[in-house]
Amino acid sequence: IPKSWGIFSAMSYCKASAVVEATPETIWETCFAPMRWELWDHNIKQLKNTSGPCENGTTCIFQQKDGKDFFFTLSNVRTNHTLHFSGVALGGTIKADGKICITPIDNVYTKIDYSFELSGSVGFVVAILKKRAVVEGTEGGLANMVTMAEEAQEAEIINMN
């Protein structure tokens, strides 16, 4: 099949947004800084071989519940604001790319934008077959981030009183 047909550039992409009743600091410290992303991403069994904290250049393996290992690198990390994670599986034939953007609205509410895509030479098959899973995973991960952040914010307020 000629590459010009476009089938090799197919991808699954999803972007979801939510408004959270929590500060950017609470969201970051709850969902990202601990490098325990399996707490909000139901597809991840665990993060392995994490080279450091949530900062530019940190590498890790996202061990998926289905047995695949994705080798990820963090970039565009701005504490309490942005995070980009990009990685590969199956020798680079599947590529994954995720972006998080945290934007304060006021003193109480914060917006989280989360996007995720799968692509690559084998990724196009995965993208076609797993489109629904990418959407459900992205939306489900965001919903878990919201729940975790709001519970942490509430606990913080209770502890302050």
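Here, every reference points to the structure presented above.
## Here's the deal with the sheet that holds strand S3 (residues 59-64)
Phase 1: Taken in spatial order, the 7 strands make up an open sheet running S1-S7-S6-S5-S4-S3-S2, and their pairing is antiparallel. Looking at the sheet topology across the chains shown, the edges are occupied by strand S1 (12-20) and strand S2 (44-48). Each neighbouring strand pair of the sheet contributes to a mean axis angle of 20°, computed without reference to strand direction.
Phase 2: Its contacts with the sheet place helix H1 (residues 24-31) against S1, strand S4 (69-78), strand S5 (82-89), strand S6 (94-104) and strand S7 (110-119), and it is angled at close to 150° to S6.

## Considering unusual backbone geometry
Phase 1: Although it is not a glycine, Asn 49 sits at a positive phi angle of roughly 50°.
Phase 2: The class of Asn 49 is exposed, set by a relative accessible area of 61%.
Phase 3: The backbone phi angle of Asn 76 is positive, close to 50°, even though this residue is not glycine.
Phase 4: The topology assignment puts Asn 76 in strand S4.

## Thoughts on the packing of aromatic side chains
Phase 1: Here the structure, examined in full by the defined rule, presents 12 aromatic pairs.
Phase 2: Between the aromatic rings of Trp 40 and Tyr 114, the centroid separation amounts to 5.7 Å while the plane-to-plane angle is 85°, which identifies the pairing as edge-to-face. Here Trp 40 is found in the loop between H1 and S2, whereas its partner Tyr 114 is found in strand S7, with 74 residues between them in sequence.
Phase 3: Feature note: the residues Trp 28, Phe 32, Trp 37, Trp 40, Phe 62, Phe 70, Phe 72, Phe 85, Tyr 114 and Phe 116 constitute an aromatic cluster, connected by ring pairs.

Criteria and cut-off values
- Residues numbered from 1 in each chain as written.
- Predicted model: local features only at pLDDT ≥ 70, side-chain atom pairs only at ≥ 80, totals over all residues.
- Heavy atoms only, no water.
- Pairing = 2+ DSSP bridges.
- Helix = DSSP H or I, 4+ residues; strand = E, 2+ residues; numbered from the N terminus.
- Axes fitted to C-alpha atoms, helices over the stretch in contact; angles between N-to-C directions.
- Contact = heavy atoms within 4.5 Å.
- Buried < 20%, exposed > 50% of the residue type's maximum accessible area, 1.4 Å probe, protein only.
- Phe/Tyr/Trp six-rings, centres within 6.5 Å; stacked < 30°, edge-to-face > 60°.

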